[in-house]
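As a plain string of letters, each chain reads:
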Amino acid sequence: MRVLLVGAGGVGTAITRIAARRPFLKSMVVADYDRGRAESAVAAVADGRFTAERVDASDEAAVADLLARHRCDVLLNATDPRFVMPLFRAARSAGAGYLDMAMSLSRPHPERPYEECGVRLGDEQFALAPDWEKAGALALVGMGVEPGLSDVFARYAADELFDEIEEIGVRDGANLTVDGYDFAPSFSIWTTIEECLNPPVVYEAGRGWFTTEPFSEPEVFDFPEGIGEVECVNVEHEEVLLVPRWVDARRVTFKYGLGREFIDTLKTLHLLGLDRTEPVTVPGPDGPVAVSPRDVVAACLPDPATLGERMRGKTCAGTWVRGTRDGAPREVYLYHVVDNEWSMAEYGCQAVVWQTAVNPVVALELLATGAWSGAGVLGPEAFPARPFLDLLTEYGSPWGMREQ
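Residues numbered from 1 in each chain as written. Predicted model: local features only at pLDDT ≥ 70, side-chain atom pairs only at ≥ 80, totals over all residues. Heavy atoms only, no water.

What follows is about the pairing of strand β11 (residues 219-223). As a general feature of sheets, a regular strand has side chains that alternate between the two faces. Sheet topology places β11 next to strand β12 (residues 228-234); five bridges connect them, and they run antiparallel. Residue pairing across strands places E219 opposite C232, the latter belonging to β12. In this antiparallel pair of consecutive strands, β11 and β12, the connection spans four residues, and E225 shows a positive phi of 55 degrees. (Pairing = 2+ DSSP bridges. Helix = DSSP H or I, 4+ residues; strand = E, 2+ residues; numbered from the N terminus.)

In structure tokens form, the structure reads like this:
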């Protein structure tokens, strides 16, 4: 398989280090707006199958040309969600497959943002599904850890653990700390602001998708392997938009263990307008300069990919499922835990980015071997779960299940 990887940040770099150990990969072109980042990622793996290129992810023609020039089979998108649509369209125009870890951006309902959905996550991509189906091409969307592995867990629960499902709730939590920083997000702050401050989406059978207030319905969830109890709140996330398309459940939610300090910081950024993506004009040494407040916030914080040596603890992604089996109530939590000490020692990558990166590589291998196949715009739930979970374990990162 020939892959064009767009984005050589923390997740992109982790993808190269994981993929370099797998024989299914014939070649990988690592492309980034900053050619130096792409070259660093390639140099670190010291593998002739990897080459570096520079590309602007918003330039569809340039991306399509890169796909054609290197005869790539698939585009793997490891950029911020704002670049989803140009990369998605570039892959289709070049006749390549497509895989991402976050879907096209949402827009709140103009009059009732905390009650009704406006443009939902992924709507722009699903609107183009007929084009992919007609071409017999596959766009596998939301194939990171959350969304991604969490959706695979939902499919597994439906196929092998339950007869009827009352609720599927993705629950994410960690006990990670970063030495020397009072505030240092372990993942892209640009993406974190987007998903945490947008109206969260909930799905209920008979009602469909609807929204609530940010940080609503707080609950304390006990995470496994020593992480312990973490307060989780509703957050906008792709699983709620993906799972009901392929899995029969009466209710689907996503709750994130943010912590009170993190929530207060996000609320302050929103209050000051620093979460905005629209440029504002500020004075510069050579005259006025237009900058995005959110980009400024991201530039002021440390790059999450560089924090691994300072991080301590574990991160957990998982799917809680409640329903019935053989007429009796059942409740389970399917989960995947990564210890930062292990991921740094084994791959030189901090736990959160490594956990995100391993799943698209597993998916690419399943597609390369034919264990997964399809056409159209499909989420992870559209494929059998067992081959994915078995291969993830083979990669040296097993998953777990806890009866609740």
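All right, on to empty space enclosed by the protein then. In this structure the tally under the stated criterion is one cavity of 30 Å³ or more. In this structure, the largest cavity encloses a volume near 60 Å³. (1 Å grid on protein atoms, 1.4 Å probe; cavity = no way out; pocket = protein on both sides within 12 Å on 5 of 7 lines; lining within 4 Å. Points joined across faces, edges and corners; volume = space filled by probe spheres on them.)

Estimates place the volume of the second largest pocket at around 290 Å³. In terms of lining residues, the second largest pocket is bounded by 14 residues, among which P108, N198, H270, D275 and R294 are the most central. Counting residues per element, the lining of the second largest pocket draws most heavily on helix α8 (residues 189-197), which supplies three residues. Residues that form the lining of the second largest pocket fall into these classes: six nonpolar, three polar and five charged. (Nonpolar A, V, L, I, M, F, W, Y, C, P; charged D, E, K, R; others polar.)

The subject of this paragraph is the packing of aromatic side chains. Applying the stated criterion across every chain yields a total of 16 aromatic pairs. With centroids separated by 5.2 Å and ring planes inclined at 90 degrees, the aromatic side chains of F88 and Y98 adopt a geometry described as edge-to-face. Linking F88 in helix α4 (residues 84-94) with Y98 in strand β5 (residues 97-100), this pair joins segments that are 10 residues apart in sequence. One exposure class covers both F88 and Y98, and it is buried. A connected cluster of aromatic rings, assembled from ring pairs, spans F221, F223, Y333 and Y335. Its end group placed over the ring of W132, R92 keeps NZ or CZ at 5.2 Å from the ring centre. Positioned above the aromatic ring of F210 is the side chain of R207, whose terminal nitrogen or guanidinium carbon lies 3.5 Å from the ring centre. (Phe/Tyr/Trp six-rings, centres within 6.5 Å; stacked < 30°, edge-to-face > 60°. Buried < 20%, exposed > 50% of the residue type's maximum accessible area, 1.4 Å probe, protein only. Lys NZ or Arg CZ within 6 Å of the ring centre and 35° of its normal.)

It is worth spelling out the nonpolar core at this point. Membership of the largest hydrophobic core comes to 91 residues, with the highest contact counts inside it found for I15, M28, V30, I168, L258, W372 and F388. Element by element, the count of residues in this core is highest for helix α13 (residues 351-369), at 10 residues. Those residues in contact with I15, other than ones at most four positions away along the chain, are L5, M28, L76, A78, M101, A357, P360 and V361. Residues L4, C72, M85 and L87 belong to the second largest nonpolar core, which totals 28 residues. (Core = buried A, V, L, I, M, F, W, Y, C linked by side-chain atoms within 4.5 Å. Contact = heavy atoms within 4.5 Å.)

Our focus in this paragraph is the pattern of salt bridges. For the coordinates displayed, the defined rule picks out 30 salt bridges. Residues R251 and E217 are paired through a salt bridge, measuring 3.1 Å at the closest nitrogen-oxygen approach. Of this pair, R251 sits in strand β13 (residues 251-256) while E217 sits in the loop between β10 (208-211) and β11; the two residues are 34 residues apart in sequence, bridging distant segments of the chain. Judged by relative accessible area, R251 falls into the buried class, the value being 18%. By relative accessible area, which is 36% here, E217 ends up partly exposed. It is possible to trace a salt-bridge network through shared partners that takes in E167, R171, E204, E217, E219, R251, K255 and R322. (Salt bridge = Lys/Arg side-chain N within 4 Å of Asp/Glu carboxyl O.)

Relative to the assigned elements, Q125 resides in helix α5 (residues 123-126). Relative accessible area serves as the criterion here: at 0%, Q125 is assigned to the buried category. A polar atom in the side chain of Q125 sits 2.9 Å from the backbone nitrogen of S104. When near neighbours in sequence (up to four residues on either side) are disregarded, Q125 contacts V84, M85, F88, Y98, D100, M103, S104, V141 and V377. (Polar contact = N/O pair within 3.5 Å; in protein donor to acceptor, adjacent residues only side chain to side chain.)

For the rest of this paragraph, the subject is the sheet that holds strand β3 (residues 50-54). Pairing is parallel across the open sheet formed by seven strands, whose spatial order is β3-β2-β1-β4-β5-β6-β19. Lying at the two open borders of the sheet, with one neighbouring strand each, are β3 and β19 (376-378). Adjacent strand axes in the sheet meet at a mean angle of 20 degrees, parallel and antiparallel pairs treated alike. Note: strand β2 (residues 27-32) against β3, five bridges, orientation parallel. Across the sheet, the residue bridging to V29 is T51, located in β3. Set on the sheet, helix α1 (residues 10-19) makes contact with β1 (2-6), β2, β3 and β4 (74-77); between it and β2 the angle comes to about 170 degrees. (Axes fitted to C-alpha atoms, helices over the stretch in contact; angles between N-to-C directions.)

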